[in-house]
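Fold and contact review
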Amino acid sequence: ISFYLGCFAEFANQTVRSRWDRFLQKTIVGTMDKKSGEGKYRVVISEKAQSELGKRYGLDAMVIPLGVDIRLSLLDKTEARRQLKLPGAAPLGVFMGPAQWAKGWDIVLQTARALPQITFVCLTDTASAPGGPKNIILRKDVDEEEKNKWYQAADFFLFPSRYEAGAYVVLE
């Protein structure tokens, strides 16, 4: 069984800026991606990923969507902010994902600079954002329960990703 979260060739097409790097990603990595699924039963996480595998590689696949743990407790915004020790009325936005261009990290930084009156909590893979604005709070290695509290404490969710095959973060 080959399990695909997405299609490397399509990811490269949408997110890699350099023409040469895009070519390498699409041809070399894309070819390895395709070969890894040939002659096997293929599973993808979304209809979008299924379509991309068919279009880019000529491969069919079964869709089995990712699930979300619904056993996490539901809190109202006030209670979530109290548990996170946040001021109750200040506007709060949440970004969840790696600090990468493909995931829109540059857009997160630009948005935070443009809106200094809003606090942006970034649940990400980095402990620092050199040159980042002061209204960004970085949280690294957040467990599912704490992540759930940040989502519920937020006024809005920032999702500037340039490519998603399944957008798991939206399900959360």
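Right above here is the structure, for reference.
First, a word on scope: everything that follows refers to the structure included in this document. Just so it is clear, the structure is predicted and the values come from calculations on it, not from any experiment.

Reading the values: the criteria
Residues numbered from 1 in each chain as written. Predicted model: local features only at pLDDT ≥ 70, side-chain atom pairs only at ≥ 80, totals over all residues. Heavy atoms only, no water. Helix = DSSP H or I, 4+ residues; strand = E, 2+ residues; numbered from the N terminus. Buried < 20%, exposed > 50% of the residue type's maximum accessible area, 1.4 Å probe, protein only. Contact = heavy atoms within 4.5 Å. Areas by Shrake-Rupley, 256 points an atom, 1.4 Å probe, with all protein chains shown as cover. Lys, Arg positive; Asp, Glu negative; His and termini not counted. Charge placed at Lys NZ, Arg CZ, Asp CG, Glu CD. Axes fitted to C-alpha atoms, helices over the stretch in contact; angles between N-to-C directions. Parallel < 35°, antiparallel > 145°, perpendicular 65-115°, else oblique. Left-handed = near helix turned anticlockwise from the far one by under 90°. Pairing = 2+ DSSP bridges. Expected span 1.5 Å × (residues − 1). Bend = angle between axes of the 7 residues up to and from the residue. Polar contact = N/O pair within 3.5 Å; in protein donor to acceptor, adjacent residues only side chain to side chain. Patch = residues over 30% accessible without salt bridge, like charges linked within 9 Å, V, L, I, M, F, W, Y side chains within 5 Å. Salt bridge = Lys/Arg side-chain N within 4 Å of Asp/Glu carboxyl O.

A few words on the overall build of the chain. When its secondary structure is counted, the chain shows 7 helices and 7 strands. Once the C-alpha set of the chain is aligned to its principal axes, its extents read approximately 55 × 40 × 20 Å. Considering the chain as a whole, with its 172 residues, one finds that 37% of them fall into the buried category. Partitioning the contacts of the chain with sequence separation of at least 6, the portion at a separation of at least 24 is 65%. Carbon and sulfur atoms form 56% of the exposed surface of the chain, whose accessible area is close to 10,000 Å². For the chain, the separation between the mean place of its 24 positive charges and that of its 20 negative charges on side chains is 6 Å.

With that settled, the discussion passes to the packing of helix α1 (residues 8-15) against helix α2 (residues 19-37). The N-to-C vectors of α1 and α2 enclose an angle of 165°; their axes lie 8 Å apart at closest approach. It follows from the interaxial angle that α1 and α2 lie roughly antiparallel. Pair α1 / α2 crosses with right-handed handedness. Every residue of α2 that contacts α1 at F8, A9, A12 and N13 is listed here: R22, Q25, K26, V29, G30 and D33.

The next thing to look at is the sheet that holds strand β6 (residues 136-140). In sheet architecture, strand pairing relies on hydrogen bonds along the backbone and comes in two forms, parallel and antiparallel. Taken together, the 4 strands give an open sheet; going across it, the order is β6-β5-β4-β7, and neighbouring strands pair in parallel fashion. For this open sheet the edge positions go to β6 and β7 (156-158), each flanked by a neighbour on one side alone. Each adjacent strand pair in this sheet contributes to an overall mean axis angle of 25°, direction not counted.

In this section: α2. The terminal C-alpha atoms of α2, which comprises 19 residues, lie 26 Å apart, in line with the 27 Å expected from a rise of 1.5 Å per residue. In α2, a bend of some 30° at G30 exceeds every other bend along the element. Close packing links the buried residues of α2 with β1 (2-4), α1, β2 (42-44) and α3 (47-57). Where α2 terminates, the next one or two residues include G39, which has phi positive at roughly 75°.

Before going further, it helps to spend a moment on the side chain of T15. Residue placement: T15 occurs in helix α1. Only 2.7 Å separates the side chain of T15 from the backbone oxygen of F11, close enough to count as a polar contact. Each residue touching T15, except ones within four places of it in the same chain, is listed here: W101, A102, R162 and Y163.

Taken together, the side chains of I1, Y41, M62 and I64 make up a nonpolar region of the molecular surface, amounting to roughly 450 Å² of accessible area. Its location among the elements puts M62 in strand β3 (residues 62-63).

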